[in-house]
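Each chain is listed here by its residues.
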Amino acid sequence: MKRSKKIKVTSDNFNDLLVESSKELVQFKKGNISLKQKIIDIPAAPPSFTKEVVRKIRKSIDLTQSAFANVVGVTASAVKNWEQGSKRPSSAARRVLQMLNNDPKTTFMLIAGNGKKKR
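Being a predicted model, the structure only gives us computed values, none of them experimental.

The predicted model of the chain averages 89 in pLDDT, with 92% of residues at 70 or higher. The least confident element of the chain is helix H6 (residues 104-112), whose mean pLDDT is 87; the most confident is helix H4 (residues 76-84), at 98.

Next up, the structure:
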């Protein structure tokens, strides 16, 4: 199998690369060559969390709103607003909440860098 390498596209080589890639496409369509494929599972959007569930997650790992905010990567006022129901977590925050809800120990290790302290 031919190993591909990264090629820098410039105005000087653009036309030649376009012709070459068109020829490769024809060979692929004829079944003469195969192309590299990568199939991945894309996770569903993170679930929504009620104010009660946000508070339950935080309390289950025994953190203050401020410490919890630090773990999730938001401000303490954001956590307060979530728990009061006046605002909802962003999609990224919901993903972290989902991870904390499912496996707090592993999530902490990932966030903390496997527990290693930086100096």
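Next comes the rest of the write-up.
So, about the pattern of salt bridges. In this structure the tally under the stated criterion is two salt bridges. Here Glu 83 makes a salt bridge to Arg 55, at a shortest N to O gap of 3.7 Å. In this pair, Glu 83 sits in helix H4 while Arg 55 sits in helix H2 (residues 51-60), placing the two residues 28 residues apart along the sequence. For Arg 55, a relative accessible area of 33% gives the class partly exposed. Taking the shortest distance from any N to any O, the salt bridge between Arg 58 and Glu 83 comes out at 2.5 Å. Linking Arg 58 in helix H2 with Glu 83 in helix H4, this pair joins segments that are 25 residues apart in sequence. For Glu 83, a relative accessible area of 2% puts it in the buried group. Taken together, the salt bridges that share partners define one network made up of Arg 55, Arg 58 and Glu 83.

With that settled, the discussion passes to the environment of Glu 52. On the secondary structure map, Glu 52 appears in helix H2. As a C-alpha pair, Glu 52 and Gln 84 span 32 residues in sequence and 8.7 Å in three-dimensional space.

On the surface, a cluster of nonpolar side chains totalling about 330 Å² of accessible area is made up of Leu 25, Phe 28, Ile 33 and Leu 35. Within the fold, Leu 25 resides in helix H1 (residues 14-29).

Okay, the side chain of Arg 58 next. By relative accessible area, Arg 58 is classed as buried at 9%. In terms of polar contacts, Arg 58 uses its side chain to reach the side chain of Glu 83, at 2.5 Å. Arg 58 has contacts with Leu 63, Thr 64, Gln 65, Phe 68, Val 79 and Glu 83, leaving out every residue within four places of it along the chain.

Conventions and cut-offs
Residues numbered from 1 in each chain as written. Predicted model: local features only at pLDDT ≥ 70, side-chain atom pairs only at ≥ 80, totals over all residues. Heavy atoms only, no water. pLDDT = per-residue confidence, 0-100. Helix = DSSP H or I, 4+ residues; strand = E, 2+ residues; numbered from the N terminus. Salt bridge = Lys/Arg side-chain N within 4 Å of Asp/Glu carboxyl O. Buried < 20%, exposed > 50% of the residue type's maximum accessible area, 1.4 Å probe, protein only. Patch = residues over 30% accessible without salt bridge, like charges linked within 9 Å, V, L, I, M, F, W, Y side chains within 5 Å. Areas by Shrake-Rupley, 256 points an atom, 1.4 Å probe, with all protein chains shown as cover. Polar contact = N/O pair within 3.5 Å; in protein donor to acceptor, adjacent residues only side chain to side chain. Contact = heavy atoms within 4.5 Å.

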